[in-house]
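The chain contents come next:
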Amino acid sequence: MIGRLNHVAIAVRDIAAASKIYRGIMGAEVSAPEALPEHGVTVVFITLPNTKIELLEPLGVDSPIAKFLEKSPDGGIHHICYEVADILAARDQLTRSGARVLGSGEPKIGAHGKPVLFLHPKDFCGTLVELEQA
């Protein structure tokens, strides 16, 4: 079921400053910021030869990233994202196996314009997992 690693997401307080670090110090290709109000974040993607890094900045005080940064003030890895061929089939197989899907259980459109779901970190070794339709 699990496909390739799509991205690793890092929560940051200041997406412009973090982008500057990746662009200037590491010489990375960094996308323009994109606000995703439905997810409560602003994102940029750093393109790597084999995957991407997603930087997440809170969009408002109720953002899940704002809550993450309260617990981890310096930021850090927030989640990992795997691609799946069929997100609904993956969801159904995972829930039959006892995994918990966060939210309503229905996919939302993510930063790449594709359906995404998040899985409870307690079911995946303490790691928040995002699934994205390939």
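What comes next concerns the included structure. (Residues numbered from 1 in each chain as written. Predicted model: local features only at pLDDT ≥ 70, side-chain atom pairs only at ≥ 80, totals over all residues. Heavy atoms only, no water.)

## Considering the environment of isoleucine 77
Inference 1: Its location among the elements puts isoleucine 77 in strand β6 (residues 76-84).
Inference 2: Classification of isoleucine 77 by relative accessible area gives exposed; the value is 60%.
Inference 3: Residues isoleucine 77 and alanine 16 lie 61 residues apart in sequence; the distance between their C-alpha atoms is 17 Å.
Inference 4: Setting aside residues up to four positions removed in sequence, isoleucine 77 forms contacts with Val8, Ala9, Ile10 and Phe68. (Helix = DSSP H or I, 4+ residues; strand = E, 2+ residues; numbered from the N terminus. Buried < 20%, exposed > 50% of the residue type's maximum accessible area, 1.4 Å probe, protein only. Contact = heavy atoms within 4.5 Å.)

## As for the pairing of strand β9 (residues 129-133)
Note on strand geometry: in a regular strand, side chains alternate between the two faces of the sheet.
Inference 1: The buried count for β9 comes to five of five residues, which makes it a mostly enclosed element.
Inference 2: Two strands pair when backbone bridges link them, and β6 and β9 are joined in this way by five bridges, in the parallel orientation. The residue of β9 that forms the bridge with isoleucine 80 is valine 129.
Inference 3: Both strand β8 (residues 115-119) and β9 contribute to a ladder of four bridges, which runs antiparallel. The partner of valine 116 across the bridge, within β9, is glutamate 132. (Pairing = 2+ DSSP bridges.)

## As for the pattern of salt bridges
Inference 1: All told, the structure shown has four salt bridges when counted by the stated rule.
Inference 2: The closest approach of N and O atoms between glutamate 106 and arginine 91, which form a salt bridge, is 3.2 Å. In this pair, glutamate 106 sits in the loop between α3 (87-96) and β7 (108-109) while arginine 91 sits in helix α3, placing the two residues 15 residues apart along the sequence.
Inference 3: The exposure class assigned to arginine 91 is buried, which follows from its relative accessible area of 14%.
Inference 4: Arginine 100 is the salt-bridge partner of aspartate 123, the closest N and O atoms lying 2.9 Å from each other. Of the two residues, aspartate 123 sits in the loop between β8 and β9 while arginine 100 sits in the loop between α3 and β7, which places them 23 residues apart along the sequence.
Inference 5: We classify aspartate 123 as partly exposed; its relative accessible area is 27%.
Inference 6: We classify arginine 100 as partly exposed; its relative accessible area is 40%.
Inference 7: Several salt bridges converge on common partners, so that one network encompasses Arg91, Asp92 and Glu106. (Salt bridge = Lys/Arg side-chain N within 4 Å of Asp/Glu carboxyl O.)

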